[in-house]
Amino acid sequence: MWVYIEKISEYVNQEITIKGWLYNIRSSGKLMFPELRDGTGIIQGVVSKKEVSEKVWDDFSKLTQESSIIVQGTVSKHPKKEDVFELQIKGLEIVSIAEPYPITPKEHGVDFLADRRHLWIRSQKQSAILRVRNEIIQSIREYFYNNGFILFDAPIFTPNACEGTSTLFSTDYFDLGKAYLSQSGQLYAEAGALALGKVYTLGPTFRAEYSMTRRHITEFWMMEPEMAYYDINDNMDLIEDFLEYVVQRVIKNKKKELDILERDITKLEKVKKPFPRISYDEAVEILRAKDIPLIKRTDNVEEQIRPFPWGEDFGAPHEEAIVENFDKPVLVHHWPAEAKAFYMKRDPENPKLALGVDVLAPEGFGEIIGGSQREDNLEILTKSIESHGLPMSEFEWYLDLRKYGSVPHSGFGLGIERMVTWICNLEHIRESIPFVRRPNRIRP
Ligand code: 4AD
Ligand code: MG
């Protein structure tokens, strides 16, 4: 019977078949210890010269790393270790002998591995990350489905910018001129919310930004809920409830993977409502108290500006300093309108502020969510489109949403790869997606 390794505990003392690959092999005289992987896990096999035919013994000696094999054997419990199983091997069928495999158990440089990403994903750590990613996305879908949100897929070819014109990828679009790869599905999600009440998008988004940081990629997946009749506080309540659900479910269902990744789960267990909520002004006070300057680079000259000036957006050192004294995600709200996108609603009590909210992950992982209440006033929104230098003609349809039954509404965007990086405690975002796209990488 063909069994996947993740289900092996249900087959103790039974004879089963595993279809997979040789991960590693050790031998000591009349015993061989092949490690088999099948995509769901790894199990150690035991081949005893006196228990198997000569052919099986010889075939095992021929195997190279990553050779594909089908193996028969009996499942046994490890004599000492809890929850560890072994396969007492009887039969072997070689499907394909692998050529000398480039990735060996020794340490390799990151570029070497990144160039071989199509093979690197077979390693234990990388496949654990991809399993956690799968669990995160599944939890997101379930959370929104169970809470009455409609999945509303936004287009990827778009005629206009959403998050600033300086980070657009463009392509020719037949006789219709230029098309841009979507930076965000939000504007479409707003139309969806006014049609369906509560919606969310989940799809690839693009930023043509020459950013070589540990947090930026040019193609990333974003999940964006949008809700009619939600103000900024409703939005923040949803963010808290949603994040708690996803994090707690992932640590419950993906213990084994997080263990492989040596993730300190006690840190994630603390991600329970309520989260700290601080205003942008309070965040600036924290930066000033810690004497964290703004760093400006012009023509390779670096300038440190102290105290941190009001009105500027935060970079990685600021985000790290702000969350340092908290052990949960931190919601930073009421941002300087100048630093934020055109669609954010102005604070009716202070027009210099926008009703935006960013979520900074704990442990210094930086911004994972950006959101806001949306400007629902036709006149202010029109002025804002103008002052951001955006082409009014492309926003006619969007302005219709303020002409025909405008309502207060809000939403946010979660970067899936930032979330995976945080949950898996990764040094660099490049390992959070099967095939990363960065300014200097489009292959494989
Ligand atoms: O803050 P951003 O730019 O917000 C928006 O796009 C809004 N339209 C969202 C909304 O309100 N519906 O991006 C949202 C999130 C960020 O917090 C971050 O997690 C992720 O998307 N993100 C990136 N992730 C990886 N690489 C990049 N270059 C990213 N840019 C944004
Ligand atoms: Mg943002």
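Quick summary incoming for the structure in this document. (Residues numbered from 1 in each chain as written. Chains lettered and ligands numbered in written order. Predicted model: local features only at pLDDT ≥ 70, side-chain atom pairs only at ≥ 80, totals over all residues. Heavy atoms only, no water.)

## Some remarks on the pattern of salt bridges
Then, number 1: Applying the stated criterion across every chain yields a total of 27 salt bridges.
Then, number 2: The salt bridge involving E427 is made with R214; its shortest N-O contact spans 3.6 Å. Taken together, the residues E427 in the segment after α13 (416–424) and R214 in the loop between β10 (198–206) and β11 (219–228) connect sequence positions 213 residues apart.
Then, number 3: Note on E427: relative accessible area 59%, which makes it exposed.
Then, number 4: Across the pair K290 and E324 runs a salt bridge whose closest N-O atoms are separated by 2.5 Å. Taken together, the residues K290 in the loop between α9 (280–289) and β13 (294–298) and E324 in the loop between α10 (316–323) and β15 (330–336) connect sequence positions 34 residues apart.
Then, number 5: On the basis of relative accessible area, K290 is assigned to the partly exposed category, the value being 27%.
Then, number 6: Classification of E324 as exposed rests on a relative accessible area of 55%. (Salt bridge = Lys/Arg side-chain N within 4 Å of Asp/Glu carboxyl O. Helix = DSSP H or I, 4+ residues; strand = E, 2+ residues; numbered from the N terminus. Buried < 20%, exposed > 50% of the residue type's maximum accessible area, 1.4 Å probe, protein only.)

## Examining the sheet that holds strand β2 (residues 31–37)
Then, number 1: If you walk around this closed barrel you meet the 5 strands as β1-β2-β3-β5-β4, and the pairing is mixed. Strand-to-strand twist in this sheet, taken as the mean axis angle between neighbours without regard to direction, amounts to 55°.
Then, number 2: As paired elements, strand β3 (residues 42–48) and strand β5 (residues 85–96) share 3 bridges and run parallel to each other. In the strand pairing of β5, Q44 is matched with E86. (Pairing = 2+ DSSP bridges. Axes fitted to C-alpha atoms, helices over the stretch in contact; angles between N-to-C directions.)

## Remarks on the sheet that holds strand β9 (residues 178–181)
Then, number 1: With antiparallel pairing, 3 strands are arranged side by side in an open sheet as β7-β9-β8. Each edge of the open sheet is held by one strand with a lone partner, namely β7 (157–158) and β8 (170–172).
Then, number 2: Alignment of β7 against β9, held across 2 bridges, turns out to be antiparallel. Bridging from a neighbouring strand, T158 pairs with Y180 of β9.

## Some points on the site of ligand 1
Then, number 1: Taken together, 23 residues form the shell around ligand 1, and within it E163, Q186, E224, E367 and I368 come nearest.
Then, number 2: With respect to ligand 1, the backbone of I217 contributes an N or O atom lying 3.0 Å from a nitrogen atom.
Then, number 3: With respect to ligand 1, the side chain of Y343 contributes an N or O atom lying 3.4 Å from a nitrogen atom.
Then, number 4: Alone, ligand 1 offers 620 Å² of accessible surface; in the complex the protein occludes 93% of this.
Then, number 5: Counting residues per element, the ones that place at least two in the shell around ligand 1 are β11, β18 (366–373) and β19 (409–415). (Near = heavy atom within 4 Å. Polar contact = N/O pair within 3.5 Å; in protein donor to acceptor, adjacent residues only side chain to side chain. Areas by Shrake-Rupley, 256 points an atom, 1.4 Å probe, with all protein chains shown as cover.)

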